[in-house]
Amino acid sequence: MNEFIAPVDPAKAYRLLNHGPTVLVSARHDGVDNVMAAAWACALDFMPAKLTVVLDKIAKTRELVEQSGVFVIQVPTAAQLQLTHEVGTRSLFNEADKLQRSGVKLFRIPDHDLPFVAGCSAWLACRLIPEPHNQSTYDLFIGEVIGAWADTRVFKDGHWNFETADPAWRSLHYIAGGHFYAIGEALDAGDEK
């Protein structure tokens with residue numbers, strides 16, 4: 001873990017996803033790690049913080065989540081565009097060295113036996129809330145956030161600071177066919193804190 005990674009107040013963890021970024025989902029089971037990209041992730045509740053993410057049946061990461069009952073949602077940066085695209089198009093079912101070929105570097109956060117992707121701007125460790133019908137029918141997974149962290153160079157005091165951070169820290173937003181946008185200009189409608 002690097003010096004810029006700091007815990008996020010659980011009451012503000014939902015803010016890490018509230019702006020609708022593409023996310024990386026990572027999981028570990030029985031010595032196997034994997035990371036995939038997901039465009040459909042959403043904050044669900046405040047306290048305890050919960051989120052949803054769609055994990056298709058063809059994804060090895062889904063299998064690892066179902067087997068382990070825990071996973072990590074992380075917010076990749078514009079600097080990680082190629083990595084995000086690679087883990088979203090490669091499959092661990094076909095390429096045993098997918099993570100290495102995609103340039104993924106993993107790290108640990110104390111007290112969490114999970115694979116965290118280095119270089120992201122935020123991380124949410126989650127415990128799976130099993131909902132077999134939703135998982136089977138809609139590929140929809142619900143996670144309760146059991147830990148949240150962010151890189152203070154872009155998220156501090158419960159707020160994103162994309163407008164003052166290096167543009168390489170902007171979050172990615174997937175459209176289709178390998179086409180992404182980076183979060184844009186900040187607009188302020190009021191004085192909400």
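These numbers were taken from a predicted model, which means no experiment stands behind them.

A.B. asks: Looking at this structure, I do not really get helix H2 (residues 81-89). What am I missing?
C.D. replies: Helical periodicity: at 3.6 residues per turn, an α-helix aligns residues three or four positions apart in one direction. Buried within H2 we find Leu-83, Thr-84, Glu-86 and Val-87. Projection of H2 onto a plane perpendicular to its axis shows the buried side chains occupying an angular sector of 165°, all on one side. Buried residues in H2 make contact with strand E2 (23-29), strand E3 (32-38), helix H3 (98-102), strand E13 (172-176) and strand E14 (179-182).

A.B. asks: I keep staring at helix H1 (residues 60-68) and nothing clicks. Help me out?
C.D. replies: Here H1 has its buried residues at Lys-60, Thr-61, Arg-62, Leu-64 and Val-65. If you follow the buried residues of H1, they end up packed against E2, E3, strand E6 (70-75), strand E9 (122-129), helix H4 (132-138) and strand E10 (140-151). Just downstream of H1, Gly-69 is the residue with a positive phi angle, here 80°.

A.B. asks: Where do I start with the pattern of salt bridges in this structure?
C.D. replies: Opposite charge on two side chains permits them to pair, given that their charged atoms come into close proximity. Taken as a whole and judged by the stated rule, the model has 14 salt bridges. With a closest N to O distance of 2.6 Å, Asp-139 and Arg-62 form a salt bridge. Of this pair, Asp-139 sits in the loop between H4 and E10 while Arg-62 sits in helix H1; the two residues are 77 residues apart in sequence, bridging distant segments of the chain. One exposure class covers both Asp-139 and Arg-62, and it is buried. A salt bridge links Glu-95 to Arg-101; the nearest nitrogen and oxygen atoms lie 2.9 Å apart. You can call Glu-95 buried: its relative accessible area is 17%. Connected via shared salt-bridge partners are Glu-86, Arg-90, Glu-95, Asp-97 and Arg-101.

A.B. asks: Mind showing me how you'd approach the packing of aromatic side chains here?
C.D. replies: Any two aromatic rings considered together are summarised by their centre-to-centre distance and by the angle between their planes. Taken as a whole and assessed by the stated rule, the structure comprises seven aromatic pairs. Geometrically, the ring pair formed by Phe-107 and Trp-123 is edge-to-face, given 5.7 Å between the ring centres and 90° between the ring planes. With Phe-107 in strand E7 (residues 106-109) and Trp-123 in strand E9, this residue pair connects regions lying 16 residues apart in the sequence. Just as Phe-107 is buried, Trp-123 falls in that class too. On the numbers, 5.6 Å between centres and 85° between planes, the contact of Phe-116 with Trp-149 is edge-to-face. With a gap of 33 residues between them, Phe-116 in strand E8 (residues 112-117) and Trp-149 in strand E10 connect regions that are remote in the sequence.

A.B. asks: In this structure, what is going on with the state of the cysteines? I would like to understand it.
C.D. replies: Two cysteines form a disulfide when their sulfur atoms are joined by a covalent bond. Scanning the entire structure with this criterion turns up zero disulfides. With no disulfide of its own, Cys-126 has Cys-42 as its nearest cysteine by sulfur position, at a separation of 13 Å.

A.B. asks: What exactly am I supposed to notice about unusual backbone geometry here?
C.D. replies: Both trends apply: most residues other than glycine have a negative phi, and most peptide bonds are in trans. A cis geometry characterises the amide bond from Met-47 onward to Pro-48, with omega recorded as -5°. Note that Pro-48 resides in the loop between strand E4 (41-45) and strand E5 (50-54). In this model, Asp-111 sits at a positive phi of 70°, which is unusual for a non-glycine residue. A positive phi angle, near 60°, is found at Asp-139, a position not held by glycine.

A.B. asks: Any chance you could explain the nonpolar core here in plain terms?
C.D. replies: One broad rule of soluble globular proteins: the nonpolar side chains tend to lie buried together. Counting residues in each nonpolar core, the largest one holds 34 residues, and the members touching the most others are Leu-16, Val-25, Val-53, Phe-71, Ile-73 and Leu-124. At the level of secondary structure, the elements contributing two or more residues to this core comprise E2, E3, E5, H1, E6, E9 and E10. The contact partners of Phe-71, leaving out residues within four places of it in the chain, are Val-25, Ser-26, Ala-27, Leu-51, Val-53, Val-65, Leu-114, Leu-124, Ala-125, Cys-126, Leu-128 and Gly-143. Formed by 17 residues, the second largest nonpolar core is a distinct cluster that contains Ile-5, Leu-83, Val-104 and Phe-107.

A.B. asks: How do you make sense of the environment of Leu-81 when you look at a structure like this?
C.D. replies: With respect to the element layout, Leu-81 can be found in helix H2. When the C-alpha positions of Leu-81 and Gly-178 are compared, they lie 9.6 Å apart, and in sequence the two are 97 residues distant. When near neighbours in sequence (up to four residues on either side) are disregarded, Leu-81 contacts Leu-172 and Phe-180.

So, how was this worked out
- Residues numbered from 1 in each chain as written.
- Predicted model: local features only at pLDDT ≥ 70, side-chain atom pairs only at ≥ 80, totals over all residues.
- Heavy atoms only, no water.
- Buried < 20%, exposed > 50% of the residue type's maximum accessible area, 1.4 Å probe, protein only.
- Helix = DSSP H or I, 4+ residues; strand = E, 2+ residues; numbered from the N terminus.
- Arc of directions from axis to C-beta.
- Contact = heavy atoms within 4.5 Å.
- Salt bridge = Lys/Arg side-chain N within 4 Å of Asp/Glu carboxyl O.
- Phe/Tyr/Trp six-rings, centres within 6.5 Å; stacked < 30°, edge-to-face > 60°.
- Disulfide = S-S within 2.5 Å.
- Core = buried A, V, L, I, M, F, W, Y, C linked by side-chain atoms within 4.5 Å.

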